[in-house]
Amino acid sequence: MELRSLIRDVPNFPKQGIIFKDITTLLKNPIGLNQAVEELLNFLHNKHITKVAGIESRGFILGGIVAQKLGAGFVPIRKPGKLPAECISESYSLEYGTDKIEIHKDAIQKGDKVLLHDDLLATGGTMEAACKLVERLGGEVAQISFLIELSFLNGREKLRNYDVRSIIQYDSE
Ligand code: AMP
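Note that the coordinates shown come from a computational prediction; the quantities given were computed from them, not determined experimentally. As a convention, each chain's residues are numbered from 1 in the sequence order in which they are written. With pLDDT at 70 or above as the cut-off, local features in this predicted model cover only qualifying residues; side-chain atom pairs require 80 or more to be listed or tallied, and sums for whole chains, interfaces and linings still use all residues. Heavy atoms throughout the structure, all of them, feed into the side-chain values; hydrogens and water do not.

(A) Highlighting the site of the ligand. Taken together, 13 residues lie around the ligand, and Arg58, Asp119, Thr123, Gly124 and Thr126 are the ones closest in. N or O atoms closer than or at 3.5 Å make up a polar contact, with two conditions inside protein: a donor-capable atom paired with an acceptor-capable one, and, for residues adjacent in sequence, both atoms drawn from side chains. A distance of 2.7 Å is found between an oxygen atom of the ligand and a side-chain nitrogen or oxygen belonging to aspartate 119. Contact distances for the ligand include 2.5 Å between an oxygen atom and a side-chain N or O atom of threonine 126. In the complex, the protein chains occlude 80% of the 490 Å² of accessible area that the ligand would expose alone. Numbering of helices and strands runs from the N terminus; a helix is a DSSP stretch of H or I covering at least four residues, while a strand is a stretch of E covering at least two. Those elements that provide at least two residues to the shell around the ligand are strand S2 (19-22), strand S7 (113-121) and helix H4 (125-136). Gly falls in the polar group here, along with every residue not listed as nonpolar (Ala, Val, Leu, Ile, Met, Phe, Trp, Tyr, Cys, Pro) or charged (Asp, Glu, Lys, Arg). Tallied by class, residues from the shell around the ligand come to five nonpolar, four polar and four charged. Here a residue is near a molecule or strand as soon as one of its heavy atoms is found within 4 Å of it. Note on areas: these come from Shrake-Rupley sampling with a 1.4 Å probe, and a residue is covered only by the protein chains present in the view.

Now the structure itself:
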C-alpha cells in the first residue's frame, strides 16, 4: 500500500501558512498502521534496541507499538511540566523563540541502546534536543526514525551523526 496516500494535508493548521501533515488518517487504517510498523521494524537490523523513546505526542503511538514488538521498553519525552518525577530538560530554537522538552532522569540507563521516534522531521530542532537528553543520561542513540520527513527543510543536516530513517519523504511543500 502507498502509505503517502493515507497522509492528509491540512492547510493553515495550527496557524496560517503551515500545511499540517495529519497522520490520523493513516493510523485509523488497519493495513496502513500495520505496514508503517513493519517498515519501522525493517529499519532495525542488528541494532539490539533496549529502549524506544517517543516524542510527545504523536511519537508515542508508533513508538509504543515498535517498542512492544522489539521487546524493548518505552520512554516518553514530553513538553515541560507533564512528567511527574525528576527530569532533565533541553531547550531548542523555533522560528520565533525557544521550546523545551524533558525526560525522566531515571528513564535511560548507561549503555541503553535507544531508538528515538517521532511522527515527522521538519527542521530537526526537536529531535536534536531529544538526542542530547538521551546522551546526557548515558544512552546511545542507535537509530532515529520518523514516519514523515519534510526533506526540503533539511532537518537531516542537524542529525548527520546519526542513523536517520523515514518512511515517507516530501521533496517540496
Ligand atoms: P522540527 O523540530 O522542526 O523538526 O519539528 C518537528 C516537530 O513538529 C514534530 O514533533 C512534528 O510533529 C511537528 N511538526 C512540524 N511541522 C509539522 C507539519 N507540517 N505537520 C505536522 N507536524 C509538524
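That was the structure; now back to the text.
(B) Structural detail: the pattern of salt bridges. For this analysis, a salt bridge means a side-chain nitrogen from Lys or Arg found within 4 Å of a carboxyl oxygen belonging to Asp or Glu. The tally for this structure, following the rule as stated, stands at twelve salt bridges. The salt bridge partner of lysine 113 is glutamate 140, with a shortest N-O separation of 3.0 Å. Of the two residues, lysine 113 is situated in strand S7 and glutamate 140 in strand S8 (residues 140-150); the sequence distance between them amounts to 27 residues. A relative accessible area of 40% means that glutamate 140 is categorised as partly exposed. Glutamate 157 is the salt-bridge partner of arginine 160, the closest N and O atoms lying 3.2 Å from each other. Several salt bridges converge on common partners, so that one network encompasses Lys47, Asp163 and Arg165. Summary of the burial criterion: residues with accessible area below 20% of their type's maximum are buried, those above 50% are exposed, and those between are partly exposed, where the area comes from a 1.4 Å probe applied to protein chains only.

(C) Broad picture of the packing of aromatic side chains. Here the aromatic set is Phe, Tyr and Trp, taking the six-membered ring for Trp, and pairing holds for ring centres within 6.5 Å; pairs whose planes are under 30 degrees apart are stacked, those over 60 apart are edge-to-face, and all others are tilted. Considering all chains together, one arrives at two aromatic pairs under this definition. With centroids separated by 5.2 Å and ring planes inclined at 85°, the aromatic side chains of phenylalanine 13 and phenylalanine 20 adopt a geometry described as edge-to-face. On the accessibility criterion, phenylalanine 13 (45% relative accessible area) is partly exposed. Seen from their ring centres, phenylalanine 60 and phenylalanine 74 are 5.8 Å apart, and the 85° between their planes marks the pair as edge-to-face.

(D) Quick peek at the packing of helix H2 (residues 30-42) against helix H3 (residues 59-70). Under this scheme, a helix contributes an axis fitted over its contacting stretch, all axes are lines through C-alpha atoms, and angles between N-to-C directions fall in the 0 to 180 degree range. Following both chains from N to C, one finds H2 and H3 inclined at 60°, their axes separated by 10 Å at the closest point. Between H2 and H3, the crossing angle belongs to the class labelled oblique. When the axes of H2 and H3 are compared, the crossing they make is right-handed. Counting all contacts with H2, which are made through Leu33, Ala36, Val37, Leu40 and Leu41, the residues of H3 involved are Leu62, Ile65, Val66, Lys69 and Leu70. Among the residues forming the contact of H2 with H3, the class breakdown is nine nonpolar, no polar and one charged. Note on angle classes: values under 35 degrees are labelled roughly parallel, values over 145 roughly antiparallel, values of 65 to 115 roughly perpendicular, and the remainder oblique. Each crossing gets its hand from how the near helix is turned against the far one by less than a right angle, where anticlockwise is left-handed and clockwise is right-handed. Note on contacts: a residue pair qualifies if any of its non-hydrogen atoms lie within 4.5 Å across the two residues.

(E) Highlighting the pairing of strand S5 (residues 87-93). Alternating positions in S5 separate cleanly, Ile88, Glu90 and Tyr92 being buried on one face and Cys87, Ser89, Ser91 and Ser93 remaining unburied on the opposite face. With seven bridges joining them, S5 and strand S6 (residues 98-104) adopt antiparallel strand pairing. Directly across from serine 91, in S6, lies its bridge partner lysine 100. By this definition, two strands are paired if DSSP reports at least two bridges between them. Two successive antiparallel strands, S5 and S6, enclose a turn made up of four residues, where glycine 97 displays a positive phi of approximately 85°.

(F) Region of interest: the nonpolar core. We define the nonpolar core as a collection of buried residues of types Ala, Val, Leu, Ile, Met, Phe, Trp, Tyr and Cys that are connected through side-chain atoms lying within 4.5 Å of one another. Judged by nonpolar contacts, the single largest core of 26 residues is most densely connected at Leu26, Leu147 and Ile167. Where this core is concerned, the elements lending two or more residues are helix H1 (24-27), H2, H3, S8 and strand S9 (164-170). The contact partners of leucine 147, leaving out residues within four places of it in the chain, are Ile23, Leu26, Ala36, Leu62, His117, Asp118, Asp119, Ser166, Ile167 and Ile168. Counting residues in each nonpolar core, the second largest holds 25 residues, with Leu121, Leu133, Val141 and Leu159 among its members.

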